[in-house]
Amino acid sequence: MPENGGANSNLMSKAPRIAVLIAAAGKGLRAGEGLSKQYRPLCGVPVVARTVDVFRAALPEAQIHIVIAAGDEALLSQALGGREVAGVTTGGVTRQDSVRRGLEALTNTAPDMVLIHDAARPFISPILIHFLAKEGGSGDFDGVAPGIPIADSIKKCAADGAVEASVSRADLWRVQTPQVFRFPAILDAHRAADPALNLSDDFAVAERAGLRLKMVQGEEANFKITTAADFDRAIAALVNPLTDIRTAQGFDVHAFSPGDHVMLCGVRIAHTHALLGHSDADVGLHAITDAVLGCVAAGDIGTYFPPSDPRWKGAASQLFLEHARDLVAARGGMIAHVDVTLICEAPKIGPHRDAMIGRVADILRLARDRVSVKATTTERLGFTGRNEGIAAMATATVRLP
Ligand code: MG
């Protein structure tokens, strides 16, 4: 692609090669809870993973590259949960330096265009990404970014809040990301920029280099998650549209057999007997799985994992619950809560309850306060009272669009 002018005819015949550079090197701790905000889960999916997903969906051909802080490799890998990206670069102390390093890493593949985006803006729409990629590859501008014209009146104030002047808002915009550039132009601009300037966005870098820049209408939903209140807003944005609320139950029984341990809610517990079953006979996870499947009216465990199928002999029941979880996700829904009651005389559940809650929460990618594990006996009555086996009953609540 030529440096300037005359590019349009080339682009008509050949799609530009696009890179997405996601800036995730910040130590965003203002949102609380110790973990940098880009790695924190939002309704089960970490912020940076949501951002990767939306760009992947909007621009399947683009190579996605992420800039992270030194030492965050394991956090990123865990957050991405198997999503593959084209590259990961270690950033610098400032955002400006981090983005420059990311751009340098892209010189290997020399894309025609780069979209530089904040990891903490996961709610950009695929439509806006598409539009920006189209605008960035055409016309007379070196860079294009989404923004919102300012509606509030603007005051210039001293440190103590004393108003010094009213500033006309007529020409003022709030700028968002992704900021889209012809790659060689923004690479040169970053290389020329003094790192000490600590510029907060790439339009500021580009402006200093004399690039021609344009703002287009952005989206209020494309806000940057910064504070704890932003996290609340983000969760509301995800949850509020899920108004179809379903509750379903699950029930399961497994008989005792000779052995030295049982699996209950994903936790191995030493015991005088084992539980008999085709899989690992985790009666707790089976009941929860059926409850979740019931919420999406998707049959029961046997529909997907029939005991007649040798593949599931001795299988970890975690697989079954993950499948149910993924069916809910595929419907665009979320699991709001699960509650399971284990019914037996022995083993004692109390000492293992916290571990069970942790395992179920991890498998379902839920916060621990959305998982309840309870236990009861049947006062020595019936088959559980006679220590012939363990029963479990579960309830799940799922929210769907
Ligand atoms: Mg079972």
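In this text, all values refer to a predicted model and were calculated from it rather than measured experimentally. (Residues numbered from 1 in each chain as written. Predicted model: local features only at pLDDT ≥ 70, side-chain atom pairs only at ≥ 80, totals over all residues. Heavy atoms only, no water.)

(A) How the structure looks around the overall build of the protein chain. Looking only at helices and strands, one finds 13 helices and 19 strands in the protein chain. The dimensions of the protein chain, computed from C-alpha atoms along their principal axes, are 85 × 55 × 40 Å. Counting all 401 residues of the protein chain, 48% fall into the buried class. In the protein chain, once contacts between residues fewer than 6 apart in sequence are set aside, the share between residues at least 24 apart is 71%. Roughly 19,100 Å² of accessible area belongs to the protein chain as shown, and the carbon and sulfur atoms make up 54% of that amount. Charged side chains of the protein chain number 41 positive and 44 negative; the gap between the two group centres comes to 1 Å. (Helix = DSSP H or I, 4+ residues; strand = E, 2+ residues; numbered from the N terminus. Buried < 20%, exposed > 50% of the residue type's maximum accessible area, 1.4 Å probe, protein only. Contact = heavy atoms within 4.5 Å. Areas by Shrake-Rupley, 256 points an atom, 1.4 Å probe, with all protein chains shown as cover. Lys, Arg positive; Asp, Glu negative; His and termini not counted. Charge placed at Lys NZ, Arg CZ, Asp CG, Glu CD.)

(B) Broad picture of the pairing of strand β4 (residues 63-68). Buried residues dominate β4, accounting for five of its six residues. As judged from the six bridges shared by strand β1 (residues 18-24) and β4, these two strands associate in the parallel manner. Across the sheet, the residue bridging to alanine 24 is isoleucine 68, located in β4. The parallel pair β4 and strand β5 (residues 87-90), bridged by helix α3 (residues 73-80), forms a crossover whose chirality is right-handed. (Pairing = 2+ DSSP bridges. Right-handed = clockwise from strand over helix to strand, strands pointing away.)

(C) How the structure looks around the domain arrangement of the protein chain. Along its sequence, the protein chain is organised into domain 1 (7-239) and domain 2 (244-400). Placing the centre of domain 1 and that of domain 2 at their C-alpha centroids yields a distance of 42 Å. (Domains from an automatic or database assignment.)

(D) Structural detail: the nonpolar core. The biggest cluster of nonpolar side chains holds 43 residues, and the ones touching the most others in it are Leu264, Ile288, Val292, Val338, Leu342 and Met356. In terms of residues, this core owes the most to one element, helix α9 (residues 283-295), which gives eight residues. The contacts of isoleucine 288, once residues within four sequence positions are left out, are Leu321, Val338, Val340, Val360 and Ala394. Counting 29 residues, the second-largest nonpolar core is a separate cluster that includes Ile18, Val54, Leu128 and Ile129. (Core = buried A, V, L, I, M, F, W, Y, C linked by side-chain atoms within 4.5 Å.)

(E) Local environment of the sheet that holds strand β17 (residues 334-343). Strand order in the open sheet formed by five strands is β16-β13-β19-β17-β18, with mixed pairing between adjacent strands. One side of each edge strand has no neighbouring strand; the edge strands of this open sheet are β16 (273-275) and β18 (371-376). Averaged over neighbouring strand pairs, the angle between their axes works out to 20° when direction is ignored. Together, β13 (244-258), β16, β17 and β19 (389-400) form the strand contacts of α9, whose direction differs from that of β13 by roughly 155°. (Axes fitted to C-alpha atoms, helices over the stretch in contact; angles between N-to-C directions.)

(F) Quick peek at the layout of surface pockets. In this structure, the largest pocket spans a volume of roughly 1,600 Å³. Around the largest pocket, the lining is made up of 47 residues, and of these Pro41, Cys43, Gly44, Val45 and Arg365 lie nearest the centre. Contributing elements (two or more residues each) for the lining of the largest pocket: β2 (41-42), β3 (45-46), α2 (47-58), α3, α8 (228-239), α11 (318-330), β17 and α12 (353-364). Here the lining of the largest pocket gets seven residues from one element, more than from any other, and that element is α8. Split into classes, the residues belonging to the lining of the largest pocket amount to 29 nonpolar, five polar and 13 charged. (1 Å grid on protein atoms, 1.4 Å probe; cavity = no way out; pocket = protein on both sides within 12 Å on 5 of 7 lines; lining within 4 Å. Points joined across faces, edges and corners; volume = space filled by probe spheres on them. Nonpolar A, V, L, I, M, F, W, Y, C, P; charged D, E, K, R; others polar.)

(G) Main features of the coordination of the magnesium ion. Coordination sphere of the magnesium ion, protein contribution only: Asp252 (OD), His254 (NE2) and His286 (ND1), at 2.1 to 2.2 Å. For the magnesium ion, all donor residues lie on one chain, and their spacing in sequence is D-x1-H-x31-H. Residue histidine 254 is located in strand β13, and its partner histidine 286 is located in helix α9; the two are separated by 32 residues in the primary sequence. (Donors = N, O, S within 2.8 Å, 3.2 Å for Na, K, Ca; no water.)

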